[in-house]
Amino acid sequence: MRDPDETASCCGPSRGDAMSAPTPVPARPAVTTVRPADRRGMVRLDGGTFAMGEDGPLANPFDGEGPVRDVHVDPFWIDEVAVTNRAFATFVKQTGHVTDAERFGWSFVFAGLVPPEVRPRVERFVAGARWWAVVPGAFWKQPEGPGTSIGQRPMHPVVHVSHTDALAYCAWAGRRLPTEAEWEFAARGGLTRATYPWGDDLVPGGRWRCNIWQGTFPTTNTLDDGHLGTAPVRTYPPNGYGLYEMTGNVWEWTSDPWRVVHDDGAPPVDGHMVRRGGSYLCHDSYCNRYRVAARDHSRVDDATGNIGFRCAADVA
């Protein structure tokens, strides 16, 4: 069972955590591929067998990170960067896709990012995690609520996208979400048993390699890494496979259902999918989930200001 103290973490709330139930929304048709599949902006990885997971002192005991075991992945393609606002805007323009956050009419925004003019619109805060605000009108194009914009953030990762939204984008792009094993294989960048995509030192040479929280969460961020919210893609050096921001910045959806243990025979938690990589809100006082082995989950219709995704594809 998941540690009850972890349900109110910096990682991201669920719609069920809000103080009132969300309004039901109607079903929608699936998006079909509308453009030829291509592999621009992707890296081809040869796959192979690697040591997956973590069972040392850094592991979160209720997240099923361990035991470390050998896992094989076939060759696959994966995006160099998380899907950006610009790319998602193209998808929406061509398909008319309406995200879950828009359909519900609200989304979760980190309270420290809500501008003064939007604060009167805040409906409620998540019980036990009041740094998460329920903001009507917040969605991918208005990431902090009405009046805010992605205009100056075209190359930031898109946020407020649910698992369902991510799948719709992948269908349009002729791609798919990575499996959890593919994601970790890619994040490790060819290193064996390393804590981060670049090694074991969080700040090698005193230089930040990821966008996470520094200071005292959730009140004071010293901005040592240069960012309070999301950072543009390619802000930090890539890992050994040429992949950027595999930890920190935004959580990334995978195609795997959440199981408390790493065992395909274990029962999945209904409606919850694995996400990986941590985000700009991760801090070691809470979860230390910005490690390559760390894992967490959200409902398929959850959308927050710190969840995005990157795509993968099969090698023909």
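Residues numbered from 1 in each chain as written. Predicted model: local features only at pLDDT ≥ 70, side-chain atom pairs only at ≥ 80, totals over all residues. Heavy atoms only, no water.

Draft legend 1. The arrangement of the confidence of the model for the chain in detail. Here the chain shows a mean pLDDT of 90. Residues at 70 or above account for 90%. Contacts from residues 1–8, a stretch scored under 50 in pLDDT, to residues over four places away or in other chains number 18 contacts. Under a pLDDT of 50 for its full length, residues 19–24 has, in the predicted model, ten contacts with residues more than four places off or in other chains. (pLDDT = per-residue confidence, 0-100. Contact = heavy atoms within 4.5 Å.)

Draft legend 2. Focus on the sheet that holds strand β5 (residues 106–110). Read from one edge to the other, the open sheet built from three strands follows the order β5-β7-β6, with strand pairing classed as antiparallel. Looking at the sheet topology across the chains shown, the edges are occupied by β5 and β6 (124–126). Averaged over all pairs of adjacent strands, the angle between strand axes in this sheet comes to 40°, irrespective of strand direction. Note that β5 and strand β7 (residues 129–136) share five bridges and pair antiparallel. Pairing of F108 across the sheet is with V134, part of β7. (Pairing = 2+ DSSP bridges. Helix = DSSP H or I, 4+ residues; strand = E, 2+ residues; numbered from the N terminus. Axes fitted to C-alpha atoms, helices over the stretch in contact; angles between N-to-C directions.)

Draft legend 3. Geometry of empty space enclosed by the protein. Tallying each qualifying case throughout the model produces three cavities of 30 Å³ or more. When its volume is computed, the largest cavity comes out at roughly 70 Å³. In terms of lining, the largest cavity is formed by P197, W198, R209, P237, P238, N239, L243, Y244, E245, M246 and T247. Looking at the lining of the largest cavity, its residues break down into seven nonpolar, two polar and two charged. (1 Å grid on protein atoms, 1.4 Å probe; cavity = no way out; pocket = protein on both sides within 12 Å on 5 of 7 lines; lining within 4 Å. Points joined across faces, edges and corners; volume = space filled by probe spheres on them. Nonpolar A, V, L, I, M, F, W, Y, C, P; charged D, E, K, R; others polar.)

Draft legend 4. Highlighting the pattern of salt bridges. Applying the stated criterion across every chain yields a total of 21 salt bridges. Ionic pairing is found between D55 and R193, a salt bridge with its closest N-O pair at 3.9 Å. With a gap of 138 residues between them, D55 in the loop between β2 (48–52) and β3 (69–73) and R193 in the loop between α4 (180–188) and β8 (215–216) connect regions that are remote in the sequence. One salt bridge connects D301 with R299, and the closest N-O pair in it is separated by 2.9 Å. Since its relative accessible area comes to 16%, D301 is described here as buried. A relative accessible area of 25% places R299 in the partly exposed class. Several salt bridges converge on common partners, so that one network encompasses E180, E184, R188, R276 and R295. (Salt bridge = Lys/Arg side-chain N within 4 Å of Asp/Glu carboxyl O. Buried < 20%, exposed > 50% of the residue type's maximum accessible area, 1.4 Å probe, protein only.)

Draft legend 5. Helix α3 (residues 163–173), seen in detail. Burial within α3 is extensive, with eight of its eleven residues counted as buried. Buried residues of α3: H163, D165, A166, A168, Y169, C170, W172 and A173, and no others. Those residues of α3 that are buried are in contact with α1 (85–95), α2 (100–104), β10 (251–257) and β11 (272–276). Of the residues that open α3, the one with a side-chain oxygen 3.3 Å from the backbone nitrogen of T164 is S162. Looking one or two places after α3, you find G174, whose phi comes out positive at around 70°. (Polar contact = N/O pair within 3.5 Å; in protein donor to acceptor, adjacent residues only side chain to side chain.)

Draft legend 6. Representation of the layout of surface pockets in the model. The volume enclosed by the largest pocket comes to roughly 380 Å³. In this structure, the largest pocket is lined by 19 residues; those nearest its centre are R40, G41, A87, Y169 and R175. For the lining of the largest pocket, the secondary-structure elements that each account for two or more residues are α1 and α3. Among the residues forming the lining of the largest pocket, the class breakdown is eight nonpolar, three polar and eight charged.

Draft legend 7. Looking closely at the packing of aromatic side chains. All told, the structure shown has 17 aromatic pairs when counted by the stated rule. Ring centres 5.4 Å apart and planes at 75° place the aromatic pair F50 and F185 in the edge-to-face group. A residue pair is termed long-range when its members are at least 10 positions apart, and F50 in strand β2 and F185 in helix α4 qualify at 135 residues. Here F50 matches F185 in class, with each residue buried. Taken together, the ring pairs in this structure connect F88, F91, W140, Y169, W172 and F309 into an aromatic cluster. If you follow R15 out to its NZ or CZ, it ends over the ring of F104, 3.9 Å from the centre. (Phe/Tyr/Trp six-rings, centres within 6.5 Å; stacked < 30°, edge-to-face > 60°. Lys NZ or Arg CZ within 6 Å of the ring centre and 35° of its normal.)

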